[in-house]
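Fold and geometry: a report
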Amino acid sequence: MDNLENILSELEKQIADVKNINEVNNLKIEYLGKKGKIGSLSSIIKTLPVEEKKEFGKKLNDLKMKATDIINEKENKINEDILNDKLKNESIDITLPATKIPMGVSNILERIVEEIEELLISMGYDVVDGPEIEEDKYNFELLNIPKGHPARDAQDTFYIKDEEILLRSQTSPVQARVMLENEGKNPIRMICPGKTYRRDDDDATHSHQFMQIEGLLVDKDISLSDLKGTIDEIVKKLFGEDCVTRFRPSYYQFTEPSVEVDISCFKCKGSGCNICKNTGWITVAGAGIVHPNVLKNCGYDPNVWSGFAFGFGAERLAMLKYGINDIRAFYTTDLRELERFSRKDSE
Ligand code: DAH
């Protein structure tokens, strides 16, 4: 019986030094396990005289309960310490600056297109779409560029099937499509931004895929000054109010007269810099008065109707506006390259 008291004080002594759950478990086995210091005592009961059995049994039970309490208490204490430790060390410091999550932004090519769309929609234009896989008829023939005409050489075309189906080399075929749809009856104001393809070797200023923004207006008594006014509005919107336009005579098969549109250099304001190659002017579009043959081919009577058309190179506009010097930047999937566009966003 005395021994029982000793066992308890021994446990108390030992448990004071215990530092982790492993040690608690070891003590559990050492004392309460079947062969443990307390656990093994049950087997003594049957060897005792009857009169002692009851008292011993009661004391042993008492001892078991006390020992279990002591061990549980220690176990709880250790678990609590672990939790407190965790709470202390893993606490969230809400004053820490948050990690920046990179935000997606629209490609600046799209932004240029949207700016032009917004302006021209406000001037009554429709934004239309056309197929990228096009027929020779629309891409060339209706636009006054018959088969075998040398003007075709200027646009190294990707042919898909024979000489009939191709990847459009310009957005101008959409002019023909829209005119034919209107059957020579209605005035037309449309723009068509879209992808175009040419067999160019890719370099800093050429890409086999690029984007044009086509414009067409057909109405009555349309002159070059209407074209000039419209182009002026577009470039002022993109490059600022003090940007002026100059028309240079040029040649396109589907316009007569044809012009090359130059804008005054928005960087040096005409004094000469690397952007305008010291000329003070930058070419941004081709344009002209719709050729009577094109009107006729597409069902409009040239004696009644007249119109103007223009085609901007979207990448060129974006490169100029945002100071990008390699056209391939628009078509890369490299996030480090694209990241530059998000910085341009705030400019
Ligand atoms: N399609 C021409 C090109 O790709 C650009 C162009 C010039 C479009 C004159 C026009 C235009 O609508 O009138 O080079």
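The residue numbers shown here count from 1 along each chain, following its written sequence. Side-chain atom pairs in this predicted model are given and counted only at pLDDT of 80 or more, local residue features only at pLDDT of at least 70, and totals for whole chains, interfaces and linings cover all residues. Water and hydrogen atoms play no part in the side-chain values, which are based on all heavy atoms of the structure.

**Comments concerning the pairing of strand β8 (residues 255-264)**
The line we're drawing: When a residue's accessible area, from a 1.4 Å probe over protein chains only, is under 20% of the maximum for its type it is buried; when over 50% it is exposed; and in between it is partly exposed. Each helix corresponds to a stretch of at least 4 residues labelled H or I by DSSP, and each strand to a stretch of at least 2 residues labelled E; elements are numbered beginning at the N terminus. Pairing between strands is defined by DSSP: at least two bridges between the two strands are required.
Among the 10 residues in β8, 8 count as buried, and that is most of the element. Across 7 bridges, the pairing between strand β7 (residues 245-252) and β8 is antiparallel. Its bridge partner being in β8, F247 is matched across the sheet by V261. Where β7 folds back on β8, the antiparallel hairpin that results is connected by 2 residues. Inspection of the sheet shows β8 paired to strand β9 (residues 281-290) by 8 bridges, in the antiparallel sense. Considered in β9, the bridge of I263 is made with I282.

**Observations concerning the pairing of strand β5 (residues 188-197)**
One face of the sheet, then the other: side chains in a regular strand alternate in exactly this way. Most of β5 sits inside the fold, with 8 of its 10 residues counted as buried. As paired elements, β5 and strand β6 (residues 209-219) share 10 bridges and run antiparallel to each other. Each residue of the ladder has a partner; that of M190, found in β6, is L216.

**Quick notes on helix α8 (residues 224-239)**
To be explicit about the condition: Helix span, expected: 1.5 Å multiplied by one less than the number of residues in the helix. Any two residues whose heavy atoms approach within 4.5 Å are treated as being in contact.
With 16 residues, α8 ought to run about 22 Å at 1.5 Å a step, and its terminal C-alpha atoms sit 22 Å apart, in line with that. Within α8, the full set of buried residues consists of L227, T230, I231, D232, I234, V235, L238 and F239. Packing partners of the buried residues in α8 comprise α5 (108-122), β7, β8, β9, β10 (306-313) and α10 (314-322). Backbone geometry just after α8 places G240 at a positive phi near 110°.

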